[in-house]
Amino acid sequence: MALTLALLLMLAIRALAFSVHTVDGNALAPLFNPGDHLLVNRCSYGLRIAGNGLLPYSRLMRSPVRRGDIVAFIAPDGKPSGLMIARCAATPGDTIRTVEGTVTVPGLMNCAKADYYWLEPLNASNPADSRHLGFIPESHIIGRVVGVVFNRKQIRLQ
């Protein structure tokens, strides 16, 4: 009974509070390397209730995404698929300007709407950012990347 309860508690914490995601490729270099297992705090911006069509999207105990946070998110319209990582460059109410791929905050145009964020790449070759996807709605942000748990490729057996 205790083992079952512990297993259920562990699954609930993993599903609601934290998740681990593996970095594939060099798009997040130099901050994160291939094989890194990133810990994502799913409650960093409040408890996310997706609703899935049954309930409206909401967050309990909501706190804002801050400029500079590295966040995990899902692309609007699901393309590209999977979880993506980027840095928040502009928050709701900010105005931005892009000049040859460089984002300036505050800028002169493209005023962000309420609950939308401009996410920039950690590496210029990364297609998972607002240059390609547009503004990212807050409902698509899963949580804040807390750090690297471990890198399987760097573990050496002796």
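Small disclaimer: the values here were computed from a predicted structure and weren't measured.

Engineer: Lay out the overall build of the protein with the relevant residues and their values.
Structural biologist: Looking only at helices and strands, one finds 2 helices and 11 strands in the protein. Reading the secondary structure of the protein in the N-to-C direction produces α-β-β-β-β-β-β-β-β-β-α-β-β. Every one of the 158 residues in the protein was classed for burial, and the buried ones make up 34%. Once local pairs closer than 6 in sequence are excluded, the contacts in the protein between residues at least 24 apart make up 51%.

Engineer: Please provide a residue-by-residue account of the environment of Asp-77, values included.
Structural biologist: Mapped onto the fold, Asp-77 is located in the loop between strand 5 (70-74) and strand 6 (83-90). The class of Asp-77 is exposed, set by a relative accessible area of 75%. Taking C-alpha positions, Asp-77 is 9.4 Å from Leu-133, a pair spaced 56 residues apart along the chain.

Engineer: So what's going on with the sheet that holds strand 11 (residues 141-151)? Which residues, and what values?
Structural biologist: With antiparallel pairing, the 7 strands of this open sheet are ordered in space as 1-2-11-5-6-9-10. Pairing within the sheet leaves two strands with one partner each, and these edge strands are strand 1 (18-22) and strand 10 (136-137). Alignment of strand 6 against strand 9 (residues 116-120), held across 3 bridges, turns out to be antiparallel. From the neighbouring strand, Ala-90 faces strand 9, where its bridge partner is Trp-118.

Engineer: Run through the pattern of salt bridges, naming residues and quoting values.
Structural biologist: All told, the structure shown has 1 salt bridge when counted by the stated rule. For Arg-67, the salt bridge is made with Asp-94, and the minimal N-O distance between the two is 2.6 Å. Here the residue Arg-67 occupies a position in the loop between strand 4 (58-60) and strand 5, and Asp-94 occupies one in the loop between strand 6 and strand 7 (96-99), the gap between them amounting to 27 residues. You can call Asp-94 buried: its relative accessible area is 14%.

Engineer: Residue-level account of the nonpolar core, with values.
Structural biologist: Core analysis: the largest hydrophobic core is formed by 12 residues, namely Tyr-45, Val-65, Val-71, Phe-73, Ala-75, Met-84, Ala-86, Cys-88, Tyr-117, Leu-119, Ile-136 and Ile-141. For this core, the secondary structure elements donating two or more residues are strand 5, strand 6 and strand 9. A per-element tally of this core places strand 6 first, with 3 residues. Apart from residues no more than four positions distant in its own chain, Leu-119 is found in contact with Val-71, Phe-73, Ala-86, Arg-87, Cys-88, Ala-89, Asp-129, Ser-130 and Ile-136. Residues Leu-38, Ile-70, Leu-122 and Val-145 belong to the second largest nonpolar core, which totals 11 residues.

Engineer: Outline the packing of aromatic side chains, listing residues and values.
Structural biologist: The way to describe two aromatic rings as a pair is by their centre distance and the angle between their planes. If you walk through the whole model with that rule in mind, you get 1 aromatic pair. With 5.3 Å between their ring centres and 70° between their planes, Trp-118 and Phe-135 make a pair best called edge-to-face. Taken as a pair, Trp-118 in strand 9 and Phe-135 in the loop between helix 2 (130-133) and strand 10 lie far apart in primary sequence, 17 residues in all. Relative accessible area serves as the criterion here: at 8%, Trp-118 is assigned to the buried category. On the basis of relative accessibility, which here comes to 22%, the residue Phe-135 falls in the partly exposed class.

Engineer: Describe the confidence of the model for the protein, listing the residues and the values that go with them.
Structural biologist: For the protein, mean pLDDT is 77; residues scoring 70 or higher make up 76% of the total. Confidence, expressed as mean pLDDT per element, reaches its minimum in the protein at strand 8 (residues 102-109) with 63 and its maximum at strand 5 with 89.

Engineer: Describe the environment of Pro-34, with residues and values.
Structural biologist: Structurally, Pro-34 is set in the loop between strand 1 and strand 2 (36-41). Taking C-alpha positions, Pro-34 is 5.2 Å from Asp-24, a pair spaced 10 residues apart along the chain.

Reading the values: rules and limits
- Residues numbered from 1 in each chain as written.
- Predicted model: local features only at pLDDT ≥ 70, side-chain atom pairs only at ≥ 80, totals over all residues.
- Heavy atoms only, no water.
- Helix = DSSP H or I, 4+ residues; strand = E, 2+ residues; numbered from the N terminus.
- Buried < 20%, exposed > 50% of the residue type's maximum accessible area, 1.4 Å probe, protein only.
- Contact = heavy atoms within 4.5 Å.
- Pairing = 2+ DSSP bridges.
- Salt bridge = Lys/Arg side-chain N within 4 Å of Asp/Glu carboxyl O.
- Core = buried A, V, L, I, M, F, W, Y, C linked by side-chain atoms within 4.5 Å.
- Phe/Tyr/Trp six-rings, centres within 6.5 Å; stacked < 30°, edge-to-face > 60°.
- pLDDT = per-residue confidence, 0-100.

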